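Breakdown of the fold
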Amino acid sequence: MTKGMRLFGMGEPSQVIDQYRRYVQDGRMEIAEIMASELSELLYSDNNRSIGKQNHLVMVLRDLATINEIRGKWPESVAAGTQLNKERGKLVSMHRRDRDKAGAAAIQAEAAVDEIQRGRARMNQGSLRKALSHFGKARKLAPGNIEAAARRIEAREKLKGTLRGAGKDALKLATVLQK
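Residues numbered from 1 in each chain as written. Predicted model: local features only at pLDDT ≥ 70, side-chain atom pairs only at ≥ 80, totals over all residues. Heavy atoms only, no water.

We now examine the overall build of the protein. In terms of helices and strands, the protein carries 10 helices and 0 strands. Walking the protein from its N terminus toward its C terminus, one meets helices and strands in the order α-α-α-α-α-α-α-α-α-α. With the C-alpha coordinates aligned to their principal axes, the bounding extent of the protein is approximately 55 × 40 × 25 Å. Split into buried and exposed, the 179 residues of the protein put 42% on the buried side. A fraction of 57% describes how many contacts in the protein between residues 6 or more apart in sequence connect residues 24 or more apart. (Helix = DSSP H or I, 4+ residues; strand = E, 2+ residues; numbered from the N terminus. Buried < 20%, exposed > 50% of the residue type's maximum accessible area, 1.4 Å probe, protein only. Contact = heavy atoms within 4.5 Å.)

In this structure, Tyr 20, Ala 36, Leu 39 and Val 60 are the most contacted members of the largest nonpolar core, which totals 22 residues. At the level of elements, α2 (13–25), α3 (29–45), α4 (51–70), α5 (74–97) and α6 (101–109) are the ones that each hand at least two residues to this core. It is α4 that provides the largest number of residues to this core, a total of 7 residues. Val 60 has contacts with Ile 17, Tyr 20, Ala 36, Leu 39, Ser 40 and Leu 43, leaving out every residue within four places of it along the chain. Core analysis: the next-biggest nonpolar cluster, separate from the first, contains 10 residues, Ala 112, Ala 131, Phe 135 and Ala 148 among them. (Core = buried A, V, L, I, M, F, W, Y, C linked by side-chain atoms within 4.5 Å.)

What follows is about the packing of α4 against helix α7 (residues 111–125). One way to put it is that α4 packs onto α7 with a least axis distance of 10 Å and a crossing angle of 30°. It follows from the interaxial angle that α4 and α7 lie roughly parallel. Remark: the crossing between α4 and α7 carries left-handed chirality. Only Asp 114, Gln 117 and Arg 120 of α7 make contact with α4, whose side of the interface consists of Arg 62, Ala 65, Thr 66 and Glu 69. (Axes fitted to C-alpha atoms, helices over the stretch in contact; angles between N-to-C directions. Parallel < 35°, antiparallel > 145°, perpendicular 65-115°, else oblique. Left-handed = near helix turned anticlockwise from the far one by under 90°.)

Attention now goes to the packing of α4 against α5. For any two helices packed against each other, one specifies the inter-axial angle together with the distance between the axes. Contact pair α4 / α5: the axes reach a minimum separation of 8 Å and the direction vectors enclose 160°. By the criterion of interaxial angle, the relationship of α4 to α5 is roughly antiparallel. Judged by the sense of rotation from one axis to the other, the crossing of α4 with α5 is left-handed. A per-class count over the contact of α4 with α5 returns 11 nonpolar, 7 polar and 6 charged. (Nonpolar A, V, L, I, M, F, W, Y, C, P; charged D, E, K, R; others polar.)

Everything listed here is a matter of coordinates, which is why it stays silent on function.
Structure representation (structure tokens):
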């Protein structure tokens, strides 16, 4: 246990993650957000992170982005998602350095879901172009993902009030649904 965690009354990162996830299940989002934010700052401040700590940081940032999205804090959700993207890349590099191709592939497989989350936050923030970009990245990372294809259409309708220009997106959604 690091000194910072003792100061904040936090145990091992996995215990803290379990605790704030229980808070989320109980609907206590504010305390969950505070705990996730504090833990992410503590883990991020450690410059010599092991693979385990880096993995915990990625999990915490993913949860923090989702918690902020649920609470309607779009800029905070986008910021956590951006940081998550960077830290996930570092974790993949760490796995590759250790010649763990399976671990790197497993971490990289979650990138599409993270891009969808970032796209939802951008959409709710009112940024169509950035939302479409995130959904497009998710579609490239996971070509069969229905949500990535459908969210592009939803973003156009929600932010522009029309489906004009969504023809290609609709065709790609139809292709995904056929498969």
